[in-house]
Amino acid sequence: MESNIYWEQFKRSFAIAKKNVRIYYSKGPVIIFGLLVPFFLFLSFYIGRNISAEALIPGLLGMTAFFTATSVGPAIIPWEARAKTLERLISSPVSIWTIFLGDVFSSFLFGVLVSVFPVLVGLFIGVEIANPLLLGLGIILATFCFASFSILLSAYPPTDTPASVMMLSSMIKFPLVFISGIFIPIEELPVWGKTISLISPLTFFTDLARYSIQGNSYYPIELDLIVLIAFAIIFLVTAIKIHERTMQKRL
Amino acid sequence: MAVDHISFKVKKGEIFGFLGPNAAGKTTTIRMLTGVIKPDEGTASILSYDILRESLKARQLMGIVPEMANAYVDLSAWNNLMLIGELYGVPKKRRRKRASELLKEFGLYERRNHLVRGFSRGMKQKLLLCMALINEPQILFLDEPTSGLDVESQRLIKDMIRGFNKNGTTVFLTTHNMEEANQLCDRIAIINHGKIAAIDSPERLRMRSSGLQLIEISFNKAVSVEDLSKVEGVNETKKIGDKIRLYVDEPSVVINKLVDFAYSKRLKIISLNTLAPTLEDVFLKLVKES
């Protein structure tokens, strides 16, 4: 009986994910913005430097997965609060967990789909992927982790102004990119840089992507996988717990 | 404090009205009953399910039109209904059939594939009702369902509410509109400052209001309201057009006094009617008292 309830709630979270895809993710500007921001940020750093394509693709992939999976997630709940659809959702027979799992699923799906593009670009320019299965697993884990991070970004303060959340999330997201071994490989960072890089899940995905494509990594692959799973769980649980506490202030 | 230790029961199959001025606690009550907000203390049961401990099961049996809620304006009417159907676990075939029926009943079927963004206020409200009914609820919570609608839409929604109630759905309704409560509700609770002032049927509420019996009188010449207020037994006077409304305790006694008054002032009585108090009079009196 209890398992039935959990399964039913799990199914209903997909209804919420479907709604998010229809309303927020299928918009042309969101898709283009999700692709262009990491692409141009990356190009601006790499153009003029003598870096191989094999070294380029893991960084581009890391940025794409990170930016796309966190692009809309932080704004969904403030948008819903502002549009006065949140109360309709809350009064339905779905738990807070179901609602946020739905938000994570939609961000995850969007992140995975858009992350295919840098992989295709790599294949097109002749990059060989040493371990495609591991790369696939890494993309799935990382985008789920980043999607969970995206709902954490909107957890506090409980605002109904999407622009405020987007500004706050940009202030957190952009510095994370610079400490995650995308532009400067982790092994070239000073000790303090290496220490700071440990707080970013993107560090471990970039490392995993490097191993999958180039065959070498800074951290053991098992550690990359475990840390990504741990970050995903911590982000998801923390985000939902905070949202549970602050939800009534949004209504 | 929005709501202060209120207690009431709604009978299965009735239309129960929750009437009160602004900020009386109506919406807070409905939000607590529908599991949107948690009360600081106390409990509530919906069809034997505790709203705090078995909130999902209780909400599964409800249909809700919240006052401060919208349909998704970037989805079509159809997709809004499909979303809510899925959230209530209505099987696909059933929710498609039900959605078609409801949209046809509310005159929205032709616009089912249009984005809700382009809908008028009345159409949105009808869609919210469709969304509340997609799961064939046993109890329907309606928070100000006809607020801000034109007369035709109000009438349609009221007829629909009566229809669903006739089919066995219990309706919990909040409204500002006395006439609406009078026309629709089997029983009414009057709430003010978070406390319930009275619960009864509209008729009984009217009858039990002493000091609110009315006499409407008009004379062949203009009469000072002040003069009439001095007549024995008259509690209050109000000029209504060419008539004067008198609030009295015992109409039969006051009528004799009014005849004497007319005789002494050489006036002719053109019309004289005794009236039961309106629900609005009762409401205002109870709110004032509470």
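Since the structure is predicted, the reported quantities are computational estimates derived from the model, not experimental observations.

## Thoughts on a nonpolar patch on the surface
Okay, so step 1: Among the surface-exposed residues, Ile32, Leu36, Phe39 and Phe40 of chain A lie close enough to one another that they form a single nonpolar patch of about 370 Å² accessible area.
Okay, so step 2: For Leu36 of chain A, the location among the structural elements is in helix α2 (residues 28-46).

## Some thoughts on the pairing of strand β10 (residues 234-240) of chain B
Okay, so step 1: Note that β10 of chain B and strand β11 (residues 243-248) of chain B share 6 bridges and pair antiparallel. Residue pairing in the sheet places Ile240 of chain B in a bridge with Lys243 of chain B of β11 of chain B.

## Some details on the layout of surface pockets
Okay, so step 1: Taken as a whole, the largest pocket spans an internal volume of roughly 1,000 Å³.
Okay, so step 2: Elements supplying a minimum of two residues to the lining of the largest pocket: α1 (26-33), β2 (45-46), β5 (139-143) and β6 (170-175) of chain B.
Okay, so step 3: Examining the composition of the lining of the largest pocket, we find that 6 residues originate from one element, α1 of chain B, more than from any other.
Okay, so step 4: Here the lining of the largest pocket is built from residues that sort into 18 nonpolar, 10 polar and 7 charged.
Okay, so step 5: For the second largest pocket, the calculated volume is near 600 Å³.
Okay, so step 6: Lining the second largest pocket are 22 residues; nearest its centre among them are Ile5, Tyr6 and Gln9 of chain A together with Leu56 and Lys57 of chain B.
Okay, so step 7: Those elements that provide at least two residues to the lining of the second largest pocket are α1 (2-25) and α6 (96-124) of chain A together with α2 (55-60) of chain B.
Okay, so step 8: Here the lining of the second largest pocket takes 8 residues from α1 of chain A, the largest share from any one element.

## Concerning the packing of aromatic side chains
Residue and element names in this part refer to chain B.
Okay, so step 1: Tallied over the full model, the rule gives 26 aromatic pairs over all chains.
Okay, so step 2: On the numbers, 5.3 Å between centres and 45 degrees between planes, the contact of Phe8 with Phe18 is tilted. Of this pair, Phe8 sits in the segment before β1 (15-19) while Phe18 sits in strand β1, placing them 10 residues apart in sequence.
Okay, so step 3: Assessed through its relative accessible area of 0%, Phe18 is described here as buried.
Okay, so step 4: Centroid distance Phe18 to Phe172: 5.3 Å. Interplanar angle 40 degrees. Geometry classified as tilted. On the criterion of sequence distance, the pair formed by Phe18 in strand β1 and Phe172 in strand β6 is long-range, its members being 154 residues apart.

## Notes on the interface of chain A and chain B
Often the size quoted for an interface is simply the accessible area lost on bringing the parts together.
Okay, so step 1: The partner chain B presents 27 residues to the 25 residues of chain A that form the contact.
Okay, so step 2: Summing the contributions of chain A and of chain B, the shared interface buries around 2,600 Å²; its carbon and sulfur component is 60%.
Okay, so step 3: Of all residues in chain A, Glu87, Arg88 and Pro93 of chain A bury the most surface against chain B, accounting for 28% of the area lost on that side.
Okay, so step 4: Connecting chain A to chain B are 2 salt bridges.
Okay, so step 5: Salt-bridge contacts for Glu86 of chain B lead to Lys18 of chain A; the nearest nitrogen and oxygen are separated by 3.0 Å.
Okay, so step 6: Inspection of the region where chain A meets chain B yields 10 residue pairs in polar contact (both at pLDDT 80 or more).
Okay, so step 7: Among the secondary structure elements, those contributing two or more residues to the side of chain A that touches chain B are α1, α4 (73-83) and α5 (86-90) of chain A.

## Brief notes about the side chain of Thr64 of chain A
All names here are of chain A.
Okay, so step 1: Mapped onto the secondary structure, Thr64 falls in helix α3 (residues 53-69).
Okay, so step 2: Judged by relative accessible area, Thr64 falls into the buried class, the value being 4%.
Okay, so step 3: What Thr64 contacts, discounting residues up to four positions off in sequence, is Pro38, Ala69, Val114, Ser115 and Pro118.

About the thresholds
- Residues numbered from 1 in each chain as written.
- Chains lettered and ligands numbered in written order.
- Predicted model: local features only at pLDDT ≥ 70, side-chain atom pairs only at ≥ 80, totals over all residues.
- Heavy atoms only, no water.
- Patch = residues over 30% accessible without salt bridge, like charges linked within 9 Å, V, L, I, M, F, W, Y side chains within 5 Å.
- Areas by Shrake-Rupley, 256 points an atom, 1.4 Å probe, with all protein chains shown as cover.
- Salt bridge = Lys/Arg side-chain N within 4 Å of Asp/Glu carboxyl O.
- Helix = DSSP H or I, 4+ residues; strand = E, 2+ residues; numbered from the N terminus.
- Pairing = 2+ DSSP bridges.
- 1 Å grid on protein atoms, 1.4 Å probe; cavity = no way out; pocket = protein on both sides within 12 Å on 5 of 7 lines; lining within 4 Å.
- Points joined across faces, edges and corners; volume = space filled by probe spheres on them.
- Nonpolar A, V, L, I, M, F, W, Y, C, P; charged D, E, K, R; others polar.
- Phe/Tyr/Trp six-rings, centres within 6.5 Å; stacked < 30°, edge-to-face > 60°.
- Buried < 20%, exposed > 50% of the residue type's maximum accessible area, 1.4 Å probe, protein only.
- Contact = heavy atoms within 4.5 Å.
- Buried area = accessible area lost by both parts, 1.4 Å probe.
- Polar contact = N/O pair within 3.5 Å; in protein donor to acceptor, adjacent residues only side chain to side chain.

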